[in-house]
Amino acid sequence: MPDIIQLLPDNIANQIAAGEVIQRPASAVKELMENAVDAGATEIKLVVTDAGKNLIQVIDNGKGMSETDARMSFERHATSKISNIEDLFKIKTMGFRGEALASIAAVAQVELKTRKADEELGTCLEIENSVVKKQEPCGTSPGTNICMKNLFFNVPARRNFLKSNAAEMRHIIDEFIRVAMAFPQIFFSLTGNGQEVFHLEAGSLKQRILQILGTSYTSKLVNVNENTDYLNVYGFVGKPETAKKTRGDQYFFVNNRFIKSAYLNHAVTNAFNEMVARDSFPMYVLFIDLDPAQLDINVHPTKQEIKFEDEKIVYAFVQAAVKHALAQFSIAPSLDFSLNADIQQMEAVSKPVSEERIESITSSNLFKTFTQKNQAHKIEGTNRSELRNWKDFYEPLTQQLPSDLETITGNENTNGKLEYTGYSLLKEEPKLRLLSDTVLTQLHQTYIVTPTPLGFLLVHQQQAHERVLYERYSQAIHGKHMPAQQSLFPSTIQLSVSDSVLMNELLPDLKVLGYLIEPFGNNTFVVQGTPADILEGNEKMAIELLLEQYKHFSNDIKFSKREKLVRCVAKQQAIKSGKVLSQKEMTVLVEELFDCETPNVTPNGSPTYLEFKADYLERMFGK
Ligand code: ADP
Ligand code: MG
């Protein structure tokens, strides 16, 4: 038998490695924009066509590259940003791995033009499939202009994996915003298919927030600013009344890098305490700056997670800083604020950074594992359990516990209407049916007591209605369209850029569901009609809530776009607990529920009713 192991050719090895860095057009956008930021640009223009599938171009006025550097920059592990392992603990740049350009060149056709300000001629370079096609001197403006064309042209399987243009464009906008938000002193623009989507003049952070998240936050932002020797926390939080139903406008940056952190999010939410409703999410754009030595920057390049050397301190600081800000602006005058007292006593804060501490950092797990080459992407902190606990806060509450039943039956079942009438149950096909003379009782403006031959049902009005609407809209999407009710006074809604991209994507399906909405240019839409159940005058709010809900869902890849939409519309339009229902309304609702194909649960599996059988009741009474 001959030997069988061989080394992969460079371009294939690069392609495989690229999979880690460049998953979709938005990943390339992030890398290229970050390179421009690292190059000290004051103006960064992003141009995309076909949501980046066709072209992603980033033009900057940064420091440019020499002829040799231009060629070198496409080599794997080629970087100007670190030169030894200690540098990893002082990182001030966005990039440092030297993988981005190599990855991009492995999976696309790249054209680079670059010139240093003090050189007369620049360099033009063409590279595809990791092979340099051309390199020659050329005239170009100072800075770097890089085009990435036909992403995944040589990896068809990955190209096919890309989502619709609208979906990919939304990812691009997200990444664009994350970089643009962190550097308000830099001008940014984004042009998609020839249309300028963002034009962000350099300015203050506050101006940048308003440019990106919309002027509805004007005079609704509270400044956060706490500086200590250990870390600085600054930025803005929205006043409590701006809290939204989904966690859209929430941004954390650590040393200017966008991160996602359920743990720190909890710190902010906690600081808002009782000021926002439980199901609402306060807006925040917060920057945490600290010594890079206090960070594990050694996470996967595309993951937005981060590990602090001491997470608890950061948590306490963020919470205190936000509380302080809210208190100072007398939004919560009664809050007792104790930043200095509590935190200053923590060891890591009171102790200056000593030789000893440096020693402990360099001997830490983090430091060691980084030097073990193959683990570079896989470092688990020593103690993740805490983080996991915090994450539990974000698990949706699953299933009502059966023990809840006892309180309900014990206290509320006082009307004595347990007649065995008005209800027929076919033995072979247990389809629920309500007879015409059944009297229904509403409890707590939430439950409908529905007698059955063998007990009674406690129908949850909101969850039941959600099931009814879900089935109705599912049918509409697959056949008979919902009738729309023409608005007498069409209202307009102004959306943020990313919401308007989403809206355009959803318009055709919304139409099927009875929403007649037309784009009016400039991120504005006109609502010409809505499903019959929506009250005139409420359209705007209904649609805004719908978008919020859809976004909440949008990471859930289990469902198709239409399925998500149907679920959102059903959820959003369902009558809510707390609404008084007439006898007629209750009867219609219960009948419609019984007519459903799956009457007993909501689309996401919560029960729509609880059943109390006579024998169970008798046992409860000790019979
Ligand atoms: P990294 O950013 O991790 O160093 P990249 O592959 O993104 O790795 O880039 C490699 C190198 O190319 C960078 O270290 C930098 O020196 C140079 N470079 C990339 N983009 C630019 C740019 N827009 N302007 C100037 N230099 C750049
Ligand atoms: Mg880079």
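Since we're looking at a predicted model, the values are computed, not measured.

Caption draft 1: Representation of the sheet that holds strand E19 (residues 484-494) within the structure. Strand order in the open sheet formed by 3 strands is E19-E21-E20, with antiparallel pairing between adjacent strands. A strand with exactly one partner marks an edge of an open sheet, and here the two such strands are E19 and strand E20 (516-519). In this sheet, adjacent strand axes meet at a mean angle of 20° when their direction is disregarded. In this structure, E19 lies alongside strand E21 (residues 524-531), joined through 7 bridges in antiparallel fashion. From the neighbouring strand, Gln485 faces E21, where its bridge partner is Thr530. Set on the sheet, helix H17 (residues 497-512) makes contact with E19, E20 and E21; between it and E20 the angle comes to about 140°.

Caption draft 2: View of the site of ligand 1. If you check the shell around ligand 1, you find 18 residues, and the closest are Asn35, Thr79, Ser80, Lys81 and Gly98. Measuring from an oxygen atom of ligand 1, one finds a backbone N or O atom of Arg97 at 3.0 Å. The separation between an oxygen atom of ligand 1 and a polar main-chain atom of Ala100 is 3.2 Å. In the complex, the protein chains occlude 92% of the 530 Å² of accessible area that ligand 1 would expose alone. Within the shell around ligand 1, the residues separate by chemical class into 6 nonpolar, 8 polar and 4 charged.

Caption draft 3: Molecular detail of the sheet that holds strand E17 (residues 447-452). Read from one edge to the other, the open sheet built from 4 strands follows the order E16-E17-E18-E22, with strand pairing classed as antiparallel. A single partner strand is all that each edge strand has here, and the edge strands are strand E16 (441-443) and strand E22 (609-613). Each neighbouring strand pair of the sheet contributes to a mean axis angle of 25°, computed without reference to strand direction. Its contacts with the sheet put helix H16 (residues 461-478) on E16, E17 and strand E18 (455-460), and the angle it makes with E18 is roughly 75°.

Caption draft 4: Representation of helix H8 (residues 262-272) within the structure. Burial analysis of H8 places 8 of its 11 residues in the buried class, which makes it a mostly covered element. Those residues of H8 that fall on the buried side of the exposure criterion are Tyr263, Leu264, Asn265, His266, Ala267, Val268, Ala271 and Phe272.

Caption draft 5: Highlighting the environment of Lys30. Counting through the fold element by element, Lys30 comes out in helix H2 (residues 25-38). A C-alpha to C-alpha distance of 9.9 Å links Lys30 and Ile177, two positions 147 residues apart in sequence.

Caption draft 6: How the structure looks around the side chain of Thr450. Tracing the sequence through the fold places Thr450 in strand E17. A distance of 3.4 Å separates a polar atom in the side chain of Thr450 from the backbone oxygen of Ile448. Sequence-distant contacts of Thr450, that is, excluding residues within four places in its chain, are made with Leu434, Leu440, Phe456, Leu457, Val459, Val590 and Phe594.

Caption draft 7: Region of the structure containing unusual backbone geometry. Look at Asn150: it is not a glycine, yet its phi comes out positive at around 50°. Assignment of secondary structure puts Asn150 in the loop between strand E6 (143-149) and helix H5 (156-161). On the basis of relative accessibility, which here comes to 27%, the residue Asn150 falls in the partly exposed class. The phi torsion at His444 lies on the positive side, around 50°, for a residue other than glycine. Along the chain, His444 falls in the loop between E16 and E17. The class of His444 is exposed, set by a relative accessible area of 54%.

About the thresholds
- Each chain carries its own residue numbering, running from 1 in the written order of its sequence.
- For this description, chains carry letters from A and ligands carry numbers from 1, given in the order in which they are written.
- Totals for whole chains, interfaces and linings use all residues, but because this is a predicted model, local features are given only for residues with pLDDT of at least 70 and pairs of side-chain atoms are given and counted only at 80 or more.
- No hydrogens and no water enter the side-chain calculation; it runs on all heavy atoms of the structure.
- Pairing between two strands is assigned when DSSP locates at least 2 bridges connecting them.
- Strands are runs of DSSP state E lasting at least 2 residues, helices are runs of H or I lasting at least 4, and numbering of each runs from the N terminus.
- Convention adopted: a line fitted to C-alpha atoms gives each axis, helices being fitted over their contacting stretch, and angles between N-to-C directions are expressed from 0 to 180 degrees.
- In what follows, residue pairs with any heavy atoms lying within 4.5 Å of each other are defined as contacts.
- Consider each residue's heavy atoms; a residue with any of them within 4 Å of a molecule or strand counts as near.
- What qualifies as a polar contact is a pair of N or O atoms within 3.5 Å, subject to a donor-acceptor requirement within protein and to the restriction that residues adjacent in sequence count only when both atoms come from side chains.
- Here the open area of atoms and residues is found with the Shrake-Rupley method and a 1.4 Å probe, where only the protein chains shown may cover a residue.
- Throughout, the ten residues Ala, Val, Leu, Ile, Met, Phe, Trp, Tyr, Cys and Pro are labelled nonpolar, Asp, Glu, Lys and Arg are labelled charged, and all others, Gly among them, are labelled polar.
- Whether a residue is buried, partly exposed or exposed follows from its accessible area with a 1.4 Å probe, protein chains only, as a fraction of its type maximum: under 20%, in between, or over 50%, in that order.

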